[in-house]
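# Close look at the chain arrangement
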Amino acid sequence: MKFISWNIDSLNAALTSDSKRAVMSRDVLLTIKNENPDVIALQETKLPANGPSKKHVEKLSEFFPDYDYVWISSRPGARKSYAGTMTLYKKGLDVKESFPEIGAPDTMDLEGRILTLEFEDFYFTQVYTPNAGGELKRLPLREEWDKLYADYLAELDKNKPVIATGDFNVAHEEIDLAHPENNHMSAGFTDEERRGFTNLLNRGFTDTFRHLNKNLEGAYTWWAQRVKTSKINNSGWRIDYFLVSDRLMEDVIDSTIIDSGDRQDHTPIMLEIK
């Protein structure tokens, strides 16, 4: 099976806008489509609380006519048209969807951050992990989230093996970003966030990309939009992951990063598994 994950940073804009960035986003969607994955996980969809509009549905049908999909958006109590996730899966696949709440602090459970599909032999779950924020204002809440999310995955893993993907908003090791020396107090590379990710892996999960590419440097999934030369100079971070239950790792064929061309921000990642 083949899985792709991408923080699209507004599915809404990609489907409805004619801006230069939206056009580039649609090009990436076509790249994803051409890979013919079984499952596609999208984060930061930024759809309304009531989900895809008629126009969204029409455009999704044009891009992905062979897929069904489930979604969850930010809902009242949280910011409007914020965060949100969507999972598309090939028609004919037998799945049971769920939209977990993990007892997260603040409005995090209302922001549409976790979406899980149960297959016969495994769980596929995606996450859009909360950012620690400017001046690390949300870091204590993020630490709590990390513990609760690790508990959630560990509970799933007791029943069936797990494939977990998404934007985890953390570069785990120094090899996972271009300039670790300058970022130890930056959101996404604090000691607290890195410990949270280590704790998650220690609960029985493997970072598939790093397992297969132990010493590969310069492999990133995100480049800052605000810095025009960040992608040209490959000054990036690897903050998007495919994790699998340790016992699934022997079935992993490949874990790769997909080229998104000139588009900055996140790029898609792909997992192939027996």
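A few points on the structure. Values in this document were obtained by computation on a predicted structure and should not be read as measured data. (Residues numbered from 1 in each chain as written. Predicted model: local features only at pLDDT ≥ 70, side-chain atom pairs only at ≥ 80, totals over all residues. Heavy atoms only, no water.)

Attention now goes to the packing of aromatic side chains. Evaluation of the coordinates by the stated rule reveals 13 aromatic pairs. Centroid distance Tyr-149 to Phe-168: 6.1 Å. Interplanar angle 70°. Geometry classified as edge-to-face. A residue pair is termed long-range when its members are at least 10 positions apart, and Tyr-149 in helix α4 (residues 139–159) and Phe-168 in the loop between β8 (162–167) and α5 (191–202) qualify at 19 residues. No difference in accessibility class separates Tyr-149 from Phe-168, as the two residues are buried. (Phe/Tyr/Trp six-rings, centres within 6.5 Å; stacked < 30°, edge-to-face > 60°. Helix = DSSP H or I, 4+ residues; strand = E, 2+ residues; numbered from the N terminus. Buried < 20%, exposed > 50% of the residue type's maximum accessible area, 1.4 Å probe, protein only.)

The subject of this paragraph is the sheet that holds strand β6 (residues 114–118). If you trace the 6 strands from one edge of the open sheet to the other, you get β5-β6-β7-β8-β11-β9, paired in mixed fashion. With partners counted over all chains shown, the strands left at the sheet margins are β5 (96–98) and β9 (205–207), one partner each. Recorded for the sheet is a direction-independent mean angle of 20° between the axes of neighbouring strands. Relative to strand β7 (residues 123–128), β6 is paired through 5 bridges, and the arrangement is antiparallel. By the bridge assignment for β7, Thr-116 is matched with Thr-125. The strands that α4 touches are β6, β7, β8, β9 and β11 (240–245); relative to β7, the one it contacts most, it runs at about 170°. (Pairing = 2+ DSSP bridges. Axes fitted to C-alpha atoms, helices over the stretch in contact; angles between N-to-C directions. Contact = heavy atoms within 4.5 Å.)

Okay, the side chain of Thr-267 next. As for its position among the elements, Thr-267 is in the loop between β13 (265–266) and β14 (269–273). Among the residues examined, Thr-267 registers a relative accessible area of 1% and is labelled buried. Not counting chain neighbours up to four residues away, the residues in contact with Thr-267 comprise Trp-6, Tyr-220, Thr-221, Trp-223, Ile-257, Ile-258, Asp-259 and Ser-260.

This next bit is on α4. Counted at 1.5 Å a residue, the expected span for α4 with its 21 residues is 30 Å, and the 31 Å between its end C-alpha atoms agrees. Each element contacted by the buried residues of α4 is listed here: β6, β7, β8, α5, β9 and β11. (Expected span 1.5 Å × (residues − 1).)

Attention shifts here to the pattern of salt bridges. Close approach of charged atoms allows side chains of opposite charge to pair. Going through the model one piece at a time under the given rule, you end up with 21 salt bridges. Here Arg-203 ties to Asp-151 by a salt bridge, and the two come within 2.9 Å at their closest N and O atoms. Within this pair, whereas Arg-203 is found in the loop between α5 and β9, its partner Asp-151 is found in helix α4, the two being separated by 52 residues in sequence. A residue is classified by how much of its surface remains accessible, and Arg-203, at 34% relative accessible area, is partly exposed. Notably, a salt bridge pairs Asp-176 with Arg-210, separated by 2.7 Å at the nearest N-O pair. Taken together, the residues span a long stretch of sequence, with Asp-176 in the loop between β8 and α5 and Arg-210 in helix α6 (residues 208–212) at a distance of 34 residues. Each member of the pair, Asp-176 as well as Arg-210, carries the same accessibility label: buried. (Salt bridge = Lys/Arg side-chain N within 4 Å of Asp/Glu carboxyl O.)

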